[in-house]
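Spelled out from the first residue to the last, the chains are:
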Amino acid sequence: MRKKNFEIEINGLRGIAITLVVLFHFEIYPFSGGFIGVDIFFVISGYLIGKIIEKKPISFINYKKYILNRIRRIFPGILVLILISFFFFSLLLSPEHLISFSKSVIYNLLLVPNFYFWTQSNYFDISSYFKPLLHTWSLGVEYHFYIIWPLILWFVSSLFKRLVFKNIFLFFFIFISILLNYYVISFGPVFENKLLYGKFVSDTIFFLSPFRIFEFAFGYILSINKKRIKSLLFNEILFLLGIFLVIYSAVVFDKNTLFPSINSIIPTFGAVLLIFSKNSYSSNIILKNKIINFLGTISFSLYLYHWPVLIFYKYYKYFKISF
């Protein structure tokens, strides 16, 4: 069953996504925008979760099984990461940074790590080198999508039976989500209202789930619209366009790029095109080769551990450590 449902092209796309993230974190030129690999992961999650949800009718029992499967898939790795990180960083971090690290552990266990890091400084600041679990912010967004998305679909399915109406709703949902990005951006660089006073607008749209959910929705649209174009030439053009959009985002974007906002549409749409045209000849070369698929297979573990290892090295090498 697992072999039947396995899509090697999606695994290859995971490999591309994790490669971009690692290149960005290790500051390998010219991948100043490699953080868009996370957005590719969000599109993939929307696509795969959509396939899971569409196979079974929505019910409380199926929802419970679905959530338990998500827990079994993600939490063992997260808990091991937390235990290993806590052991090593408790020996290394200063008291102040250890307190901050401990708070990030608690917020991870509460499934809202993105909320915690939103309350801290900017993702791209030098202070990121003091945060071994900073990269788990994206898992917080994933958690919220896993929990909320089936409930949204439950509501949509009860309203619309025909696929065309579901598509209209989803595109409207995407439009509203992007509009929400720009509504928040209109407040300026820093919020001045009482509720969010002093919080950076750029951090708000970067870390919090409502401003990212449209990327998952794009993936879900792919899962419910199964028809594909048969023209080999057209598929080839779409795939190459998708690769171009992803690479363009990875090398042109940087820490000064307002993100997600409309800028995230570029890598998101690139990922959509790569999945849509996965039967092209170029896909066989790029997404099905052994190296990129190996990276895709270990992508979750590589994502979990590459950042703490990098932070441990930088903290040890560049900061004065006392007994």
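Right, let's talk about the packing of helix 10 (residues 213–224) against helix 12 (residues 265–276) for a bit. The contact between helix 10 and helix 12 brings their axes to 10 Å, and the two run at 20 degrees. Relative to helix 12, the element helix 10 lies roughly parallel. Crossing of helix 10 against helix 12: the hand is right-handed. On the side of helix 10, the interface is formed by Phe 214, Glu 215, Phe 218 and Leu 222, while helix 12 contributes Ile 265, Thr 268, Val 272, Ile 275 and Phe 276.

Take the layout of surface pockets next. Estimated volume of the largest pocket: approximately 1,300 Å³. Taken together, 31 residues make up the lining of the largest pocket; nearest its centre are Arg 14, Leu 48, Ile 52, Arg 70 and Arg 73. Every element with two or more residues in the lining of the largest pocket is listed here: helix 1 (2–5), helix 2 (8–25), helix 3 (37–55), helix 4 (60–92), helix 7 (137–159), helix 14 (290–297) and helix 15 (299–318). Considering each element in turn, the lining of the largest pocket owes the most residues, ten residues, to helix 3. The residue inventory of the lining of the largest pocket, partitioned by class, reads 15 nonpolar, eight polar and eight charged. Estimated volume of the second largest pocket: approximately 400 Å³. Lining the second largest pocket are 18 residues; nearest its centre among them are Phe 24, Glu 27, Phe 124, Tyr 129 and Lys 255. A per-class count over the lining of the second largest pocket returns eleven nonpolar, three polar and four charged.

Right, let's get into the nonpolar core. Counting residues in hydrophobic clusters, the biggest one holds 93 residues, and the most contacted among them are Ile 36, Ile 40, Trp 137, Trp 149 and Phe 207. The leading source of residues in this core is helix 7, at ten residues. In this structure Phe 207 touches Asn 114, Phe 117, Trp 118, Tyr 123, Leu 134, Trp 137 and Val 141, once residues within four positions along its chain are discounted.

Okay, the confidence of the model for the chain next. On average, the chain scores 90 in pLDDT, and the residues at 70 or more come to 98%. Averaged pLDDT values for the elements of the chain fall to 55 in helix 1 and rise to 96 in helix 2.

Attention now moves to the side chain of Asn 181. One can find Asn 181 in helix 8 (residues 163–185). A polar atom in the side chain of Asn 181 sits 3.3 Å from the backbone nitrogen of Ser 261. If sequence neighbours within four positions are ignored, Asn 181 has contacts with Ile 205, Phe 211, Phe 214, Pro 260 and Ser 261.

Quick look at the environment of Ile 243 now. Take Ile 243: it is sitting in helix 11 (residues 232–252). Looking at Ile 243, the relative accessible area reads 16%, which means it is buried. Remark: the alpha-carbon pair of Ile 243 and Leu 274, spanning 31 residues in sequence, is separated by 7.1 Å. Each residue touching Ile 243, except ones within four places of it in the same chain, is listed here: Ile 16, Leu 274 and Ile 286.

The next point concerns the pattern of salt bridges. Considering all chains together, one arrives at six salt bridges under this definition. The residue Glu 7 makes a salt bridge to Lys 278 at a minimum N-O spacing of 2.2 Å. Pair noted here: Glu 7 is in the loop between helix 1 and helix 2 and Lys 278 is in the loop between helix 12 and helix 13 (281–286), with a separation of 271 residues, a long-range link. The residues Glu 7 and Lys 278 share a single accessibility class, namely buried. Residue Asp 39 is joined to Arg 212 by a salt bridge in which the shortest nitrogen-to-oxygen separation is 2.6 Å. Within this pair, whereas Asp 39 is found in helix 3, its partner Arg 212 is found in the loop between helix 9 (201–207) and helix 10, the two being separated by 173 residues in sequence. Taking the relative accessible area as the measure of exposure, Asp 39 reaches 1% and is therefore buried. Each of the salt bridges in this network shares a partner with another, and the network as a whole consists of Glu 7, Lys 51 and Lys 278.

Cut-off values and rules
Residues numbered from 1 in each chain as written. Predicted model: local features only at pLDDT ≥ 70, side-chain atom pairs only at ≥ 80, totals over all residues. Heavy atoms only, no water. Axes fitted to C-alpha atoms, helices over the stretch in contact; angles between N-to-C directions. Helix = DSSP H or I, 4+ residues; strand = E, 2+ residues; numbered from the N terminus. Parallel < 35°, antiparallel > 145°, perpendicular 65-115°, else oblique. Left-handed = near helix turned anticlockwise from the far one by under 90°. Contact = heavy atoms within 4.5 Å. 1 Å grid on protein atoms, 1.4 Å probe; cavity = no way out; pocket = protein on both sides within 12 Å on 5 of 7 lines; lining within 4 Å. Points joined across faces, edges and corners; volume = space filled by probe spheres on them. Nonpolar A, V, L, I, M, F, W, Y, C, P; charged D, E, K, R; others polar. Core = buried A, V, L, I, M, F, W, Y, C linked by side-chain atoms within 4.5 Å. Buried < 20%, exposed > 50% of the residue type's maximum accessible area, 1.4 Å probe, protein only. pLDDT = per-residue confidence, 0-100. Polar contact = N/O pair within 3.5 Å; in protein donor to acceptor, adjacent residues only side chain to side chain. Salt bridge = Lys/Arg side-chain N within 4 Å of Asp/Glu carboxyl O.

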